[in-house]
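# Structural description and commentary
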Amino acid sequence: MTKYVYSFTEGDKDQKDLLGGKGANLAEMMNLGLPVPPGFTITTEACRAYLHDGAVPDSLAGEVSEHLASVEQEMGKKLGDPSDPLLVSVRSGAKFSMPGMMDTVLNVGMNDESVIGLAQVSGNERFAWDSYRRLIQMFGKTVQDIDGDLFSREIDNLQESKGYKGDLDMTVEDLKELVDTFKAIVKKETGADFPQDPREQLDMATDAVFRSWNSERAKIYRRRERIPDDLGTAVNVCTMVFGNMGDASGTGVAFTRDPSTGHSGVYGDYLQNAQGEDVVAGIRNTLPLSELEKLDKASYDQLRDIMEQLEKHYRDLCDIEYTIEEGKLWMLQVRVGKRTPAAAFRVATQLVDEGLINEDEAVTRVTGAQLTSLMFPQFDADADKTVLTVGTPASPGAATGEIVVDNDQAEARAAAGVSVILVRSETNPDDLRGMVAASGILTARGGKTSHAAVVARGMGRTCVVGAEDLVIDEATGTVFVKSQNKTLKVGDVIAIDGTTGQVFEGEVPVVDSPVMTYVSHGLEAGLAASPDQDTKDLVTSVDKLLRRADSKARLTVRANADTPEDSTRAREFGAQGIGLTRTEHMFLGDRRQLIENIILADSDEEQQAALDELLPLQKGDFVGIFGAMDGLPVTVRLIDPPLHEFLPDLTDLSVELAVKQAKGGELDEHEKKVLQAVKSQHEQNPMLGLRGVRLSLVIPGFVDLQVRAIAEAAAELIKQGKDPKPEIMVPLIGSVRELQIVKDQALGILKQVSQETGVELDLPIGNMIELPRAALTAGEIAEESQFFSFGTNDLTQTTWGFSRDDVESSFFQNYYEHGIFNVSPFEAVDQDGVGQLVAMGVKNGKAANPELHCGVCGEHGGDPASIHFFDAVGLDYVSCSPFRVPVARLEAGRAAISNESAAGGVSASA
């Protein structure tokens, strides 16, 4: 029989798959002898069974009873006992941290009788009634799906009517009144009384936590973080310890290092006379952790010792939740803490310096997404700015946008292409949709460990919290700045600085970040651009880890570039070649007319004349690109798109000419010719029509033109003493015979140019793999090809039968909601489908031709998850946009280290 419940004394930190992160780490702290309240974990397997069957497993109730009895025996209390009740918390805990995305219920076991017993045994009537009103409020919202505003509005009304400043001003009588009011809300909204049976509360709370795995916010978060939907969450049932028993009690969150900067020190928040949700929700502004030393030095010293112990044990920055109950410290959670990109790089190198991890593991501790964030622009320090107010910096960055005050506004304006700042009194998990859509987040309340701060850091969003100067009125869509006596409204533009906490009116100019200067111009330039020692340290950390990644990488990183300027930029970013030069981009602008002349030519002679006119222009392009990449490979793709892209749109042209005729005008011969050409080139599905190699076969003059331009450019540079390394790539191959025809033609041109210039030219000729048939027959094609480049954009389209320009905006949202995929297959390679075609193509191609070189040049070449897959299946290089080259370099190193470790090589651990 499957075991579904484990005591906190049974597991360890390596059992996250079964016990979830929270349960595994509670067990680990138990193993370390730390003060953890007794409790047990209901496994992720139970959750998956519940989600599959719609009910908990039959054996679960008995197991819960058995473990609950053990806790009751250890504590000397029974759940909900009228005289001295045992109370428990019911908390979610998935394998991967999902802060605030699933449900928690505290004080489970309270009812109309036990609240009186708790008041008597604790000698604190206010504490007992405060705990009861919290249970009804939290249970009603999370378990019974009652609108949480119904409860919070009653609290606000009571406090306003009595002139209170906050929760702590409420008296025992106030809390009793709220309990009655809250119970009336439950009765009205559910048609039933608030449940008085403690075990019924426990079971209902457990079900609610399981259900919350599929809440909208949880699904949005998983999709964003690429967390699989089928993992499920564990449920942790833990003996309640109370931070709301008076001034000698409290609760807080601590980090072993600053998650915003990475610096060591005393970092965290503390709230006297409060429960944990008060800190995370941000409904009260917290005290800094350092204040705890003045309030309760013994607990402070013990907490600091435990923080140091946990960081050394986990060898990483730790995020810790704790409660102090009348001077007794209890540990409620530990996990590897989420951090900003800057903190990630600093902490990784610090841990190396401290001997806790080695350089390889340090590389695996940072990500390409974090490096991307550090490359974003920042506000210009010298620009004129109007400061509205200053809050607490919670997640660094520079964000400018229109004010929005709710999720719907944020999503609607973001969908319209407008940058927005989500401004809230405080955020809660239901605000995730708006936080994802926004460029930045600003709250009036909360500290650095509030929900807004934690989630923003995890997402890499700029965030400022605790701006107490602001009064946000969601109903009127206004933001009042008290110190300025100024009212802003939805749609007004503000800017927030997540590093300083400043809030500015209007737009603020931005400049390149020092990290961007480093990756594009080198370490010396990056250090020179750094305004302070902190930034210099950050740039140095990035340099150390990027250089280590380069030294470990098996994959080389090339760039997609179509101009000498892009090629130069790619080389500055560290590209080791060009993986895709799209020649058709060279035919746009002023040269479009020359392509039109080729299409409209009435004879071979006219067509050749137009081609001859293009030759020197195309050769000049290649001289610039090959020169910029001197000594490095440049893969040139022969013309790929259908010819209609170089002609006017059929509908637009038809309307234009019809209007001319309607006004009495006559069409001239050229207009008639163009119209006829547009009609003849029109295709119902042009992306599967006359394009790629098919176009080269129909108009072989294109091959002559482009191969000659490539060859002459290379010969010219060789004569100048340079070392050009062009590679000729044939697109959209489906049959080896297509490649043979174009290859023979290209070899003939290369031979001619060699004879004409006296320069021996031996240029590699290869092809793209963009069609499933090409992947399936890769072994045959490889016998004629010197390299494969997987065009995963088109390969995804042809494998899925998707038209990328249509499907992402039309029905992908439905696919996300149904769990068909969590991320667009155009963003991250579909490893189970498209990825298998890539793996098959590489394996069979190299088996037929051991010298075959394989790379990828689609958008996936810059996607971190895809890069790891490409390394694993044996590609030789990835190619991406110049801006993403540093990211790809880092991920190539990370992939090599991870794959080496998985294969049983040198461990990444210290």
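Residues numbered from 1 in each chain as written. Predicted model: local features only at pLDDT ≥ 70, side-chain atom pairs only at ≥ 80, totals over all residues. Heavy atoms only, no water.

### Notes on the overall build of the protein chain
For clarity, the threshold we go by: To qualify as a helix, a DSSP run of H or I must reach at least 4 residues; to qualify as a strand, a run of E must reach at least 2; elements of each kind are numbered from the N terminus. Every radius of gyration here is taken over C-alpha atoms, with the globule rule written as 2.2 Å times N^0.38, N being the number of residues. Throughout this description, buried means an accessible area under 20% of the type-specific maximum (1.4 Å probe, protein chains only), exposed means over 50%, and partly exposed covers the range between. We call two residues in contact when some of their heavy atoms are within 4.5 Å. The Shrake-Rupley method, run with a 1.4 Å probe, gives the accessible areas here. Residue values count only the displayed protein chains as cover. Asp and Glu are treated as the negative residues and Lys and Arg as the positive ones, with His and the ends of the chain left uncounted. Where a charge sits is defined by one atom per residue type, namely NZ (Lys), CZ (Arg), CG (Asp) or CD (Glu).
Tallying secondary structure elements over the protein chain gives 37 helices and 33 strands in all. Here the C-alpha atoms of the protein chain give a radius of gyration of 32 Å, agreeing with the 29 Å that 2.2 N^0.38 yields for 910 residues. Dimensions along the principal axes, computed over C-alpha positions, put the protein chain at roughly 105 × 70 × 60 Å. Out of the 910 residues belonging to the protein chain, those deemed buried represent 55%. Looking at the protein chain alone, contacts between residues at least 24 apart form 69% of all its contacts between residues at least 6 apart. Put simply, the protein chain shows about 36,200 Å² of open surface, and 47% of that area lies on carbon and sulfur atoms. Taken as two groups, the 87 positive and 142 negative side-chain charges of the protein chain have centres that lie 2 Å from each other.

### A word on the layout of surface pockets
Counted only if it meets this: Put plainly, a pocket is an open set of points on a 1 Å grid over the protein atoms alone with protein on both sides within 12 Å along at least five of seven lines, a cavity is a set where a 1.4 Å probe fits but cannot get out, and a lining residue has an atom within 4 Å of a point. Grid points are joined across faces, edges and corners, and a volume is the space filled by probe spheres set on the points.
Computed from the structure, the second largest pocket encloses a volume of approximately 900 Å³. In terms of lining, the second largest pocket is formed by 37 residues, of which the most central are Asp640, Met687, Arg691, Asp794 and Gln797. At the level of elements, strand 27 (578–582), helix 32 (792–800) and helix 33 (804–810) are the ones that each hand at least two residues to the lining of the second largest pocket. The biggest single contributor to the lining of the second largest pocket is helix 32, with five residues.

### Considerations on the pattern of salt bridges
As a reminder of what qualifies: A pair is scored as a salt bridge if a Lys or Arg side-chain nitrogen falls within 4 Å of a carboxyl oxygen belonging to Asp or Glu.
Within the structure shown, the criterion is met by 59 salt bridges. Measuring nitrogen to oxygen at the nearest pair gives 3.1 Å for the salt bridge that ties Lys176 to Glu125. Linking Lys176 in helix 7 (residues 172–190) with Glu125 in helix 5 (residues 125–142), this pair joins segments that are 51 residues apart in sequence. Residue class for Lys176 comes out partly exposed when judged on its relative accessible area of 23%. For Glu125, a relative accessible area of 37% translates into the label partly exposed.

### Here we look at the side chain of Thr349
Inclusion rule: In protein, a polar contact requires one atom able to donate a hydrogen and another able to accept it; more generally it is a pair of N or O atoms within 3.5 Å, and residues adjacent in sequence count only if both atoms are side-chain atoms.
Along the polypeptide, Thr349 turns up in helix 13 (residues 341–353). Given a relative accessible area of 8%, Thr349 falls into the buried group. In terms of polar contacts, Thr349 uses its side chain to reach the side chain of Ser541, at 2.9 Å. In contact with Thr349, not counting residues within four places along its chain, are Ser541, Lys544 and Leu545.

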